[in-house]
Amino acid sequence: MPPNHVLIMGAGIGGPALALSLARQGIRATVFEIRPSPQQSGGSITLAANALSALSVCGGQEIYPKVKALGYVYERMGMNDDSGYFYGTLQVGDEKKDGFAAVRIMRTELHKLLLEECKARGVETLFGKKAKEIKQDSKGVNVEFEDGTQVNGDILIGADGIHSQARKHVLLDKAPIPEFSKTIVVNGFVPRSTVITPRPDYEFPATIISPSGFLGAFLVGPKGDKVAWGVNTTVTADKGREGWEEFKRSGEAARLAREDYANIKTEPIRSLLDNMDEKHVQLWVPFRLPILPAWSRGRVGLIGDAAHAMPPNGQGTAMAFEDAAFLGRLLGDEENWAKGPEAIFKHFEKIRAVRLDGVRKMSAKMGENLKKRSDPEGWGWWLKKWAIWAYISVWNRGTIKTNGFMGFDVAKLDAKVSAA
Ligand SMILES: Cc1cc2nc3c(=O)[nH]c(=O)nc-3n(C[C@H](O)[C@H](O)[C@H](O)COP(=O)(O)OP(=O)(O)OC[C@H]3O[C@@H](n4cnc5c(N)ncnc54)[C@H](O)[C@@H]3O)c2cc1C
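Quick notes on the rules
- Position labels on residues start from 1 in each chain and follow its written sequence.
- Per-residue local features of the predicted model are confined to residues with pLDDT of at least 70, and side-chain atom pairs are confined, for both listing and counting, to 80 or more; whole-chain, interface and lining totals are unaffected and use all residues.
- With hydrogens and water excluded, all non-hydrogen atoms of the structure serve as input to the side-chain values.
- UniProt positions are given in the numbering used here, feature names are shortened, and annotations may be inferred rather than shown by experiment.
- Criterion for a disulfide: a pair of cysteine sulfur atoms within 2.5 Å.
- Working definition: with a 1.4 Å probe on protein chains only, accessible area under 20% of the residue-type maximum means buried, over 50% means exposed, and in between means partly exposed.
- Within this scheme, the nonpolar core is defined by two criteria: the residues are buried Ala, Val, Leu, Ile, Met, Phe, Trp, Tyr or Cys, and they are joined through side-chain atoms within 4.5 Å.
- Where each domain begins and ends is defined by an automated method or by a domain database.
- By definition, residues are in contact when any of their heavy atoms lie within 4.5 Å.
- When DSSP finds two or more bridges between two strands, those strands count as paired.
- Counting from the N terminus, the helices are the DSSP runs of H or I reaching at least four residues and the strands are the DSSP runs of E reaching at least two.
- Here an angle of 0 to 180 degrees is reported between the N-to-C directions of two axes, which are lines fitted to C-alpha atoms, with helices fitted over the stretch in contact.
- Distances are taken per atom, and a residue is near a molecule or strand as soon as one of its heavy atoms is within 4 Å of it.
- Here a polar contact is taken to be a pair of N or O atoms separated by no more than 3.5 Å, where protein atoms must pair a possible hydrogen donor with a possible acceptor and residues adjacent in sequence count only if both atoms sit in side chains.
- Here the Shrake-Rupley method, with its probe set to 1.4 Å, supplies the accessible areas, and only the displayed protein chains count as covering residues.

Per an unreviewed UniProt entry, the protein carries the name FAD-binding domain-containing protein and comes from Kockovaella imperatae. Taken verbatim from the UniProt record of the protein, the Sequence similarities (unreviewed entry) comment is "Belongs to the paxM FAD-dependent monooxygenase family."

Focus: the state of the cysteines
Counted under the stated rule, the structure contains zero disulfides. In this structure Cys58 is not part of a disulfide, and its nearest cysteine sulfur, from Cys118, lies 9.6 Å away. Note on Cys58: relative accessible area 0%, which makes it buried.

Overview of the nonpolar core
Among the nonpolar cores identified, the biggest contains 132 residues, and Ile8, Phe321 and Leu327 are the most heavily contacted of them. Both domains that furnish three or more residues to this core are identified here as domain 1 (5–73 + 91–179 + 290–369 + 404–412) and domain 2 (181–286 + 370–376). Not counting residues within four places of it along the chain, the set of residues in contact with Ile8 comprises Gly15, Leu18, Ala19, Leu22, Ala29, Thr30, Val31, Phe32, Leu156, Ile157 and Ala159.

Some details on the sheet that holds strand E14 (residues 183–191)
Pairing is mixed across the open sheet formed by eight strands, whose spatial order is E18-E14-E17-E16-E15-E5-E6-E22. Since the sheet does not close on itself, it has two edges, and those belong to strand E18 (282–284) and strand E22 (399–401), each with one partner. Averaged over all pairs of adjacent strands, the angle between strand axes in this sheet comes to 25°, irrespective of strand direction. Relative to strand E16 (residues 213–220), strand E15 (residues 206–210) runs antiparallel, the two being bridged by five bridges. Bridge pairing links Ile208 to Leu215 in E16. Each of strand E5 (76–81), strand E6 (86–91), E15, E16 and E22 is contacted by helix H14 (residues 379–395), which is oriented at about 55° to E6, the strand it contacts most.

Things to note about the site of the ligand
Gly14, Glu33, Arg107, Gln165 and Asp305 are the nearest of the 28 residues found near the ligand. Side-chain polar atom of Glu33 to an oxygen atom of the ligand: 2.6 Å apart, as the coordinates give it. At 3.1 Å from a nitrogen atom of the ligand is found a main-chain nitrogen or oxygen belonging to Ile34. In the complex, the protein chains occlude 88% of the 970 Å² of accessible area that the ligand would expose alone. The set of elements that each furnish at least two residues to the shell around the ligand consists of strand E3 (44–47), E18 and helix H11 (316–331).

Regarding unusual backbone geometry
With an omega of 0°, the peptide bond running from Phe204 to Pro205 counts as cis. Tracing the sequence through the fold places Pro205 in the loop between E14 and E15. Between Glu267 and Pro268 the backbone carries a cis peptide bond, its omega angle lying at 10°. Of note, the phi angle at Lys182 is positive, near 65°, even though the residue is not glycine. Mapped onto the secondary structure, Lys182 falls in the loop between strand E13 (179–180) and E14. Although it is not a glycine, Arg397 adopts a positive phi angle of roughly 50°. Within the secondary structure, Arg397 is located in the loop between H14 and E22. The class for Arg397 is exposed, based on a relative accessible area of 75%.

Structure (structure tokens):
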């Protein structure tokens, strides 16, 4: 028999995805979330083919069309510089070949869909639940909440994000404190009709390489009638939750992004940044987490940002889905469960660590490039453009294929726990 009841801490991205996977296999899952209601912030995110195939493992093939209906569907992203010169494309999905394109979707819409799917499958999701104490013994896990209620389960999965409470239970005094990454991601939106392009055949989504860094411009909404832009910028000190809210609300975040690109006078950068509504930008404040000594202790395991926060470059959501899909398959297998939760958690960590190491390195490299500044008059900038041209246009013949990175299929991983 697989587990009877799985407790999941955190109703963000990975928690509901895992609950969905378990519910579809007939395993009871209860998700408890510290916030009083679902999160209402976060800009638009790209779900590349790897994220969508993992989500489909959790939610079934029927979830992919639902995600597509909410977002903008595409397979390639143009790579241009600030003069409008087109270098080639980055392939982020291939529906014909792999079954999945990529979808740009509002994080809040994705979240809402996940919670609706969970509800339809009978998953109980409890909001406003702050754990006071987590206890475990050889038979199960007990969580006592600050409101005086309790819940018992066979295992507990900490899907409670970067500032995870479950991680403290797993690692005790070895639990690291996440460190502010000194990078923030600012996202703004403008109507597509207000964006000026340097040439008639200029296409979105596009990455724009400029002396101020890389600016991403994505189409949002099923019709692509809005353009979402995103820039990574440097801020030296953490302002704290309230401080960042104020930074966003006051328009300071928008002004910082605009200031970074003040020297770029060309389109579409100018119309993207000049036409934004300063008070309605979205902010993501990523933190760094060192590689953990372990992702589990006894009957408590970690997934997603709680186990391995990614550098700020668009793979955090995908990694949470991949984790949920793989752990869901491992837990649903009777033979695995007979070996015990510790063996399952160890197998999960062993296999996932290899993939995460590769994605972490690739994301860190890309993240650095996103915000690297160059002197527009200097040799460095010309050299950089030449290197990009050589890499995309010559080495990759106009299309960078990210097969191993965004074409990864979690369904192909070995979901049998090997004998210890
Ligand atoms: C505002 C925002 C914007 C983002 N934008 C991007 C982006 O553009 N691209 C990208 O790749 N990634 C982005 N990310 C990161 C990405 O969303 C995460 O990597 C991904 O959500 C990880 O999923 P997760 O389930 O591990 O954690 P999360 O989705 O963060 O979910 C964790 C959940 O646990 C809850 N929680 C925390 N503590 C407790 C507790 N003690 N008890 C119960 N519940 C608890 C939290 O409230 C939250 O709902 C963004 C994150 C945020 C917050």
